[in-house]
Amino acid sequence: MTIPRTPDSLHGAVQAAIDWAGPEAAARAAGVTPARLRQVSNPNRRDADLAHVLVGIDAASAEAGGGTPVFDWYMDQLSRAGSFGLSSQAARGPAPAVARVLASRVIAGMRAL
């Protein structure tokens, strides 16, 4: 039986990425098995706990004026992997800066829940 994932949740986002890339390609890129990917996208498991902790850490940093170092690291990792067609330096340009601002607002909204 398929476990439903809320589209705007981390689990839904993970599942969407798996669906787009395909389970084999996503597993290969992540260095895990397709079965492990299914586990990570399962909302009944606690695999997402670390992601939520990291969001909280970045939220606290952003509120203190320190920016979003975890998000910045994540963007750097994506650019190094060739995502977005950006170099590591370009990942710090205007478009990612806008994404960081939006992310900080989303994080602030999540903290308000």
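What you are looking at is a predicted structure, and each value in this text was computed from that prediction instead of being measured.

Calculation notes
- Residues numbered from 1 in each chain as written.
- Predicted model: local features only at pLDDT ≥ 70, side-chain atom pairs only at ≥ 80, totals over all residues.
- Heavy atoms only, no water.
- Salt bridge = Lys/Arg side-chain N within 4 Å of Asp/Glu carboxyl O.
- Helix = DSSP H or I, 4+ residues; strand = E, 2+ residues; numbered from the N terminus.
- Buried < 20%, exposed > 50% of the residue type's maximum accessible area, 1.4 Å probe, protein only.
- Expected span 1.5 Å × (residues − 1).
- Arc of directions from axis to C-beta.
- Patch = residues over 30% accessible without salt bridge, like charges linked within 9 Å, V, L, I, M, F, W, Y side chains within 5 Å.
- Areas by Shrake-Rupley, 256 points an atom, 1.4 Å probe, with all protein chains shown as cover.
- Polar contact = N/O pair within 3.5 Å; in protein donor to acceptor, adjacent residues only side chain to side chain.
- Contact = heavy atoms within 4.5 Å.
- pLDDT = per-residue confidence, 0-100.

Asker: Can you break down the pattern of salt bridges residue by residue, with the values?
Answerer: Scanning the model with the defined rule gives three salt bridges in all. A salt bridge links Asp-47 to Arg-36; the shortest N-O distance between them is 3.0 Å. In this pair, Asp-47 is assigned in the loop between α3 (34-40) and α4 (49-63) and Arg-36 in helix α3, connecting sequence segments eleven residues apart. Relative accessible area serves as the criterion here: at 26%, Asp-47 is assigned to the partly exposed category. Through salt bridges with shared partners, a single ionic network connects Arg-36, Arg-45 and Asp-47.

Asker: Please give an account of helix α5 (residues 69-80) that cites residues and values.
Answerer: Across its twelve residues, α5 extends 16 Å between first and last C-alpha, which sits within 8% of the 16 Å expected from 1.5 Å per residue. Of the positions making up α5, those classed as buried are Met-75, Asp-76 and Ser-79. The arc enclosing the buried residues of α5, seen along the axis, measures out at 100°, which places them on a common side. With respect to the buried face of α5, the exposed residues turned more than 90 degrees away are Trp-73 and Arg-80. Two residues or fewer after α5 comes Gly-82, characterised by a positive phi angle close to 90°.

Asker: Go over a nonpolar patch on the surface with me, naming the residues and quoting the values.
Answerer: Nonpolar side chains collect at one region of the surface, where Leu-50, Val-53 and Ile-57 lie side by side and expose about 280 Å² of accessible area between them. Position of Val-53 relative to the elements: it lies in helix α4. A relative accessible area of 48% means that Val-53 is categorised as partly exposed.

Asker: Please set out α4 residue by residue, giving values where relevant.
Answerer: Between its terminal C-alpha atoms α4 stretches 21 Å, which fits the 21 Å expected from 15 residues at 1.5 Å a residue. Taken together, the buried positions of α4 are Asp-58, Ala-59 and Ser-61. Summarising the axial view, the buried residues of α4 lie within an arc of 165°, below the 170-degree limit, and thus occupy one face. At the C-terminal side of α4, Gly-65 shows a positive phi close to 90°.

Asker: Explain the side chain of His-11 residue by residue, including any values.
Answerer: Its place among the elements puts His-11 in helix α1 (residues 10-21). A distance of 3.4 Å separates a polar atom in the side chain of His-11 from the backbone oxygen of Asn-42. What His-11 contacts, discounting residues up to four positions off in sequence, is Arg-5, Val-40, Ser-41, Asn-42, Pro-43, Arg-45 and Ala-48.

Asker: Before we move on, can you summarise the confidence of the model for the protein chain with the specific residues and values?
Answerer: When pLDDT is averaged along the protein chain, the result is 78; 72% of the residues meet or exceed 70. Within the protein chain, the lowest mean pLDDT, 57, falls on helix α6 (residues 94-112), and the highest, 90, falls on helix α2 (residues 23-30). Counting interchain partners and residues more than four positions distant, the pLDDT-below-50 stretch residues 86-91 has twelve contacts.

Asker: Residue-level account of the side chain of Asn-42, with values.
Answerer: If you trace the backbone, Asn-42 turns up in the loop between α3 and α4. Accessibility expressed as a relative area gives 14% for Asn-42, which makes it buried. Once residues within four sequence positions are removed from consideration, Asn-42 is found in contact with Ile-3, Arg-5 and His-11.

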